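One-letter residues, chain by chain:
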Amino acid sequence: MARTCSTICLPLSKEAYPQRFRRWLDQSFREHPELFPEAFAAGYRLKDDRVSARTGLRLRRVRLKATGKSFSVRPSFALPYMTGLADDVQNPLLLRAFGVPYWVIARIFGKGAMYWHRLELSLGRNSIVGTTARRAHLPEHLLADEHHQPRDGAKNYIATTVGAGCVLGCGLAQTAGAEDLQAAYATFKAPSRTTGPRR
């Protein structure tokens, strides 16, 4: 788990959002222990709860008995930082993939153009490998390549690592030089060292 991470994100549909939180959390730990911090196995206490002003969802926090650290528990249908719900932003972000301007998306789906701009930029906040593939076996075969992309009139290179149908890391390199590309590929290298089965 990333050192600064204070959220446990668990797979769940909006329709199945639980009324009995502790039972659901215990069952999720039995089914997906790789999604929890290691100290969770030593026990936890329910700390507090709050209702998100952005989504109206009630969120709970737990405190780990072994470390005293607190974690918010977020269902996977809610976006990080509670900026929205996955179902509500799926179609607008699909339009962005085809270059539809933010102001057009705002006119069709509501909110403001800056909301959609910030939401798209926020997709790069999380370490892809560190948050979704930790304590898992990495694919045996990986592919690394650079995608050329102009930015402000200058050519840039997006160093991308993929495997088993997943994007495992992307980093921006200003040039195609060895040092810049090495630093860009490090976005995959560093988190990949934290993966692997739990011992």
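Our subject in this report is the structure included herewith. All values reported here derive from a predicted model rather than from experimental measurement.

Looking at the nonpolar core
And step 1. The biggest cluster of nonpolar side chains holds 21 residues, and the ones touching the most others in it are L10, L25, F36, F40, V62 and V73.
And step 2. Elements with a minimum of two residues in this core: strand 1 (7-10), helix 1 (21-31), strand 3 (58-64) and strand 4 (70-75).
And step 3. Core analysis: the next-biggest nonpolar cluster, separate from the first, contains nine residues, L79, Y115, W116 and L119 among them.

Focus on the packing of helix 2 (residues 86-96) against helix 3 (residues 102-109)
And step 1. Two elements in contact, helix 2 and helix 3, have axes whose closest approach is 10 Å; the angle formed by their N-to-C orientations is 155°. Considering their axes alone, helix 2 and helix 3 lie roughly antiparallel with respect to each other. Seen from above, helix 2 lies across helix 3 with right-handed handedness. Mapping the contact onto sequence places N91, P92, L95 and R96 in helix 2 and Y102, I105 and F109 in helix 3.
And step 2. Here the contact of helix 2 with helix 3 is built from residues that sort into five nonpolar, one polar and one charged.

Focus on helix 1
And step 1. The set of residues buried in helix 1 consists of F21, W24, L25 and S28. Angular distribution of buried residues about the axis of helix 1 spans 100°; they occupy a single face of the element. Turned more than 90 degrees from where helix 1 packs its buried face, R23 and R30 sit exposed.

Side note on the pattern of salt bridges
And step 1. Across all of its chains, the model carries three salt bridges by this definition.
And step 2. Its salt-bridge partner being R58, residue D49 comes within 2.5 Å of it at the nearest N-O pair.
And step 3. According to the relative accessible area criterion, D49 is partly exposed, its value standing at 37%.
And step 4. R96 is paired through a salt bridge with E120; the nearest N and O atoms lie 2.9 Å apart. Of this pair, R96 sits in helix 2 while E120 sits in helix 4 (residues 113-122), placing them 24 residues apart in sequence.

Quick notes on the packing of aromatic side chains
And step 1. For the coordinates displayed, the defined rule picks out seven aromatic pairs.
And step 2. Where Y115 meets W116, the ring centres are 4.8 Å apart and the plane angle is 85°; that geometry is what we call edge-to-face.
And step 3. Under the relative-accessibility criterion, W116 is labelled buried at 3%.
And step 4. In this structure an aromatic cluster arises from ring pairing among F29, F36, F40 and Y44.
And step 5. Taking NZ or CZ as reference, R96 lies 4.0 Å from the ring centre of Y102, over its face.
And step 6. Cation over ring: K111 sits above Y115, and NZ or CZ is 5.0 Å from the ring centre.

Considerations on the sheet that holds strand 2 (residues 44-51)
And step 1. Strand order in the open sheet formed by four strands is 1-4-3-2, and the pairing between neighbours is mixed. The sheet is open, and its two edges are formed by strand 1 and strand 2, each paired on a single side. On average, each strand axis in the sheet is tilted by 30° relative to the strand beside it, whichever way the strands run.
And step 2. Alignment of strand 2 against strand 3, held across seven bridges, turns out to be antiparallel.

Topic: the side chain of T160
And step 1. For T160, the location among the structural elements is in strand 6 (residues 154-163).
And step 2. Look at T160 and you get buried, because its relative accessible area is 19%.
And step 3. With residues up to four places along the chain from it excluded, the contact list for T160 reads L143, A144, D145, V167, G169, C170 and Y185.

Quick word on the environment of T7
And step 1. Summarising the element assignment, T7 is placed in strand 1.
And step 2. With relative accessibility at 29%, the residue T7 sits in the partly exposed group.
And step 3. Separated by 74 residues in sequence, T7 and Y81 have C-alpha atoms that sit 9.5 Å apart.

Rules behind the numbers
- Residues numbered from 1 in each chain as written.
- Predicted model: local features only at pLDDT ≥ 70, side-chain atom pairs only at ≥ 80, totals over all residues.
- Heavy atoms only, no water.
- Core = buried A, V, L, I, M, F, W, Y, C linked by side-chain atoms within 4.5 Å.
- Buried < 20%, exposed > 50% of the residue type's maximum accessible area, 1.4 Å probe, protein only.
- Helix = DSSP H or I, 4+ residues; strand = E, 2+ residues; numbered from the N terminus.
- Axes fitted to C-alpha atoms, helices over the stretch in contact; angles between N-to-C directions.
- Parallel < 35°, antiparallel > 145°, perpendicular 65-115°, else oblique.
- Left-handed = near helix turned anticlockwise from the far one by under 90°.
- Contact = heavy atoms within 4.5 Å.
- Nonpolar A, V, L, I, M, F, W, Y, C, P; charged D, E, K, R; others polar.
- Arc of directions from axis to C-beta.
- Salt bridge = Lys/Arg side-chain N within 4 Å of Asp/Glu carboxyl O.
- Phe/Tyr/Trp six-rings, centres within 6.5 Å; stacked < 30°, edge-to-face > 60°.
- Lys NZ or Arg CZ within 6 Å of the ring centre and 35° of its normal.
- Pairing = 2+ DSSP bridges.

Honestly, it's all geometry; don't read function into it.
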